[in-house]
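For reference, the chains in residue letters:
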Amino acid sequence: MKTITKSIILVLTIFITAFQAKAQFTASEALDEVIISTDIITSSTNSALMSQRTLVISYFLNNDPNPNTEDFLENVLQELEIIEEYSDEVNYYANYAQNLNSNIDVSNITSLASQIEGNGDYIEIDSQSFVNAINNNDRTEATTFNNSIRTRLNLMISLVDQIKIAIEELKEVVKVYNVRIELVDRNTGNSIDPNTLPGYTARNLETNEYIYAGDNQGDPINIFYNLPAGTYRFDARDGYFDGASSTTITLSNDMVGTDGFIVVTLNYWSE
């Protein structure tokens, strides 16, 4: 089923577009695309199982001498094409995510996707043999190929479930947060315009990396986008005669507001 040319094109596409990935996706969003692809694989696998069930009932239970093997074969091959296409999508977006975040390893996911494609190749062969056996009224051979097809289709569903579990684990690793700095007067508690100070930094206490708010042109001066999960010290850059306190916070889901931001409040002071 899968051609060497298609595989080469897929690999080249991953590396050619990798430099654009950061602008288009976060790693978490790329992993979401993997989940979408697995849902399509599951749907097509179930559709193939239903086509097989229809033929089995017609031939084995109703003893139809001329069951509709053509429809069965057409439907199964069509679903196998979809399964192959979206197995490639799983590989593509899994590698996309890894390009964006080197802290994750997607080799298990791509291996499972390859197993899905491999089983698809066997199902294609067995489906043709199944039809030939039925057309020749060889019930023994038909039973053998029927069992093989059903086993492999169910294995596909199991492999998809394993991919989904692995993706959910990786999403915890690549989770990112948006943070907004707000200033309050340390004496009155009144809100202060964050643009009063020159800027804000976040230091990841695990990696010692410094990140600057408003780093991209046009971004608000007090906004940090897509901070990886971790513990950060947030500081303000002092003005001529003013500044703000620092605070240390471990980012977590329960801190995220309805607007999608974690608010970090710093106490403003001035001489």
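Residues numbered from 1 in each chain as written. Predicted model: local features only at pLDDT ≥ 70, side-chain atom pairs only at ≥ 80, totals over all residues. Heavy atoms only, no water.

Asks: So what's going on with the pattern of salt bridges? Residues and values would help.
Replies: Opposite charge on two side chains permits them to pair, given that their charged atoms come into close proximity. Applying the stated criterion to the full structure yields six salt bridges. Residue Lys164 is joined to Asp39 by a salt bridge in which the shortest nitrogen-to-oxygen separation is 2.6 Å. Here Lys164 is found in helix H5 (residues 139–174), whereas its partner Asp39 is found in helix H2 (residues 27–61), with 125 residues between them in sequence. In this structure Lys164 comes out as partly exposed when scored by relative accessible area, which is 24%. The exposure class assigned to Asp39 is partly exposed, which follows from its relative accessible area of 37%. Lys175 is the partner of Glu172 in a salt bridge, and the nearest nitrogen-oxygen pair spans 3.3 Å. Overall, Glu172 belongs to the exposed group, its relative accessible area being 51%. Looking at Lys175, the relative accessible area reads 16%, which means it is buried. (Salt bridge = Lys/Arg side-chain N within 4 Å of Asp/Glu carboxyl O. Helix = DSSP H or I, 4+ residues; strand = E, 2+ residues; numbered from the N terminus. Buried < 20%, exposed > 50% of the residue type's maximum accessible area, 1.4 Å probe, protein only.)

Asks: Kindly report on the packing of H2 against H5, identifying the contributing residues and their values.
Replies: Two elements in contact, H2 and H5, have axes separated by 10 Å at closest approach and are oriented at 165°. When the interaxial angle is binned, H2 and H5 end up roughly antiparallel. Along this stretch, H2 crosses H5, giving a crossing that reads as left-handed. Taken together, the residues that form the contact of H2 with H5 break down as 20 nonpolar, nine polar and seven charged. (Axes fitted to C-alpha atoms, helices over the stretch in contact; angles between N-to-C directions. Parallel < 35°, antiparallel > 145°, perpendicular 65-115°, else oblique. Left-handed = near helix turned anticlockwise from the far one by under 90°. Nonpolar A, V, L, I, M, F, W, Y, C, P; charged D, E, K, R; others polar.)

Asks: Before we move on, can you summarise unusual backbone geometry with the specific residues and values?
Replies: A negative phi angle characterises most non-glycine residues, just as the trans form characterises most peptide bonds. For Asn63, which is not a glycine, the phi torsion comes out positive at approximately 55°. Within the secondary structure, Asn63 sits in the loop between H2 and helix H3 (69–100). Backbone geometry places Asn226, a non-glycine residue, at a positive phi of 60°. Asn226 gets classed as partly exposed once you look at its relative accessible area, which sits at 39%.

Asks: Can you tell me about the nonpolar core, naming the residues and giving the values?
Replies: Soluble globular proteins: nonpolar side chains tend toward being buried together. Membership of the largest hydrophobic core comes to 48 residues, with the highest contact counts inside it found for Phe72, Ile109, Ile116, Phe130 and Ile163. For this core, the secondary structure elements donating two or more residues are H2, H3, helix H4 (107–135) and H5. By residue number, the principal contributor to this core is H5, which donates 13 residues. Formed by 22 residues, the second largest nonpolar core is a distinct cluster that contains Val179, Tyr200, Ile211 and Leu266. (Core = buried A, V, L, I, M, F, W, Y, C linked by side-chain atoms within 4.5 Å.)

Asks: Lay out the side chain of Ser44 in plain terms, naming residues and giving numbers.
Replies: By secondary structure assignment, the location of Ser44 is in helix H2. Classification of Ser44 as buried rests on a relative accessible area of 4%.

Asks: How would you explain the sheet that holds strand E3 (residues 199–204) if you had to name every residue and give the values?
Replies: Taking strand neighbours across the sheet as the criterion, the four strands line up as E4-E3-E6-E8 in an open arrangement whose pairing is antiparallel. Edge positions in the open sheet fall to strand E4 (210–212) and strand E8 (247–250), since each of these has one partner strand only. Pairwise comparison of adjacent strand axes, ignoring direction, gives a mean angle of 30° for this sheet. Here strand E6 (residues 231–237) pairs with E8 via four bridges, running antiparallel. Bridge pairing in E8 places Tyr232 opposite Ile249. (Pairing = 2+ DSSP bridges.)

Read these as spatial facts, not as claims about activity.
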